[in-house]
Amino acid sequence: MMRVGIVGASGYTGVELARILAGHPDIHLTVATSRQYAGMPLAEVFPNLRKRVDVICENLPPEELVDRADFFFTAVPHKTAMDIVPMLLAAGKKVVDLSADFRIRDASIYEAWYQEHTSPHLLSEAVYGLPELYRAQVRKARLTANPGCYPTSVILATTPLLRAGLIDPSTLIIDSKSGTSGAGRSASVGSLFCEVADGFRPYKVGGSHRHIPEIEQELSLAAGTPVTVSFTPHLLPVSRGILSTIYATLTDAGKAADLHALYAETYRDEPFVRVLPAGALPATQHVRGSNCCDLSLIQDVRTSRLIVMSAIDNIVKGASGQAVQNMNLMNGFPETTGLMGAPFFP
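Residues numbered from 1 in each chain as written. Predicted model: local features only at pLDDT ≥ 70, side-chain atom pairs only at ≥ 80, totals over all residues. Heavy atoms only, no water.

(A) Main features of the sheet that holds strand 13 (residues 293-300). If you trace the seven strands from one edge of the open sheet to the other, you get 9-10-8-11-14-13-12, paired in mixed fashion. With one partner strand each, in any of the chains shown, strand 9 (201-202) and strand 12 (273-275) form the two edges of the open sheet. Pairing of strand 8 (residues 173-178) with strand 11 (residues 242-249), which is carried by six bridges, proceeds in the antiparallel orientation. Paired with D175 across the bridge in strand 11 is T245. (Pairing = 2+ DSSP bridges. Helix = DSSP H or I, 4+ residues; strand = E, 2+ residues; numbered from the N terminus.)

Below you can see the structure in the form of structure tokens.
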């Protein structure tokens with residue numbers, strides 16, 4: 001039984017980690033940190049965990065954490081993670097970091113979008129934790145950078161086309177919508193019920209969302225050439241889910257290709273990617289609570305554009321579920337352990 005710790009257990013990704021790990025047969029959650037709720041059982045902070053999780057929240061410095069677990073998830077804000085992770089690694093622990101601190105390979109790009117990076121020496125070692133692309137590297141990693149939620153939905157949807165040269169990467173337009181849990185648990189006016197319910201709005205318009213460099217990094221690697229995207233996120237009046245709709249112009253090769261067959265073959269053996277039957281469309285309610293990514297594509301013959309659609313649960317495949325998937329790979333557990341529950345419906 002492997003001992004696991006969650007650093008930053010009082011946010012939505014923290015509670016989702018605890019929920020998933022409660023059903024994992026090979027781990028024991030031994031420590032969960034929270035400054036705000038120190039001394040309280042995690043199951044009192046999140047009553048959905050009653051009779052499932054018995055850990056007490058603690059406010060511990062990294063040096064006191066290292067002997068409490070063998071493996072750590074760092075579910076803390078950007079900048080905080082880069083100050084904690086080096087100490088955990090130095091103590092011989094493996095880590096999946098759910099912040100953005102180790103996702104961007106180029107420190108100068110990270111600093112242009114976030115802040116100064118105080119652990120740049122780890123960027124070349126950190127593995128980008130999208131198992132469908134980097135499974136072999138994740139298996140060998142001691143530090144995995146868990147992808148962002150929007151990037152997960154976009155990269156899985158777009159990579160097969162870019163690798164095969166079937167779309168013009170300069171024409172990529174990405175229109176994504178997310179539930180409010182993507183904004184985190186901290187109180188803010190913009191995510192209050194009365195501000196969100198019965199409405200639908202864009203935000204971070206005009207190339208200002210921090211997930212853009214992460215998306216462009218991975219799509220550029222897939223295309224073998226620099227890729228710049230137009231990305232506009234929107235806020236949905238729901239708690240969970242991301243639906244990304246991606247538009248691109250087909251190349252001549254793309255117009256002639258069997259695109260559905262390409263996706264079916266690419267993801268044939270992937271346990272969590274579901275390529276929908278031709279004509280079927282993804283919906284957030286069909287992946288809710290699961291580690292699944294549903295993909296569908298429609299060719300607009302009139303405009304020679306391809307429309308690719310992707311649905312995930314932003315807290316599961318977009319965060320904590322993928323983090324557990326990476327943990328499984330890093331420790332030699334079956335990749336799907338603890339993650340095969342069907343989506344919630346309705």
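Alright, that's what it looks like, and here's the rest.
(B) A look at the pattern of salt bridges. A complete count under the given rule lists 16 salt bridges for this structure. One salt bridge in this structure joins D70 and R3, with 3.0 Å as the shortest N-O distance. Of this pair, D70 sits in the loop between helix 3 (62-65) and strand 4 (71-74) while R3 sits in strand 1 (residues 2-7), placing them 67 residues apart in sequence. Residue classification places D70 among the partly exposed residues on the basis of a relative accessible area of 32%. Of the charged contacts in the structure, one is a salt bridge between E132 and K317, with a shortest N-O distance of 2.9 Å. (Salt bridge = Lys/Arg side-chain N within 4 Å of Asp/Glu carboxyl O. Buried < 20%, exposed > 50% of the residue type's maximum accessible area, 1.4 Å probe, protein only.)

(C) Local environment of unusual backbone geometry. The step from F345 to P346 runs through a cis peptide bond, and the omega angle for that step is 0 degrees. Its location among the elements puts P346 in the segment after helix 12 (316-330). In the Ramachandran plot, K79 falls in the positive-phi region, its phi being about 80 degrees despite a non-glycine side chain. By the secondary structure assignment, K79 is in the loop between strand 4 and helix 4 (80-90).

Fair warning: the whole summary comes from geometry, so function is off the table for now.
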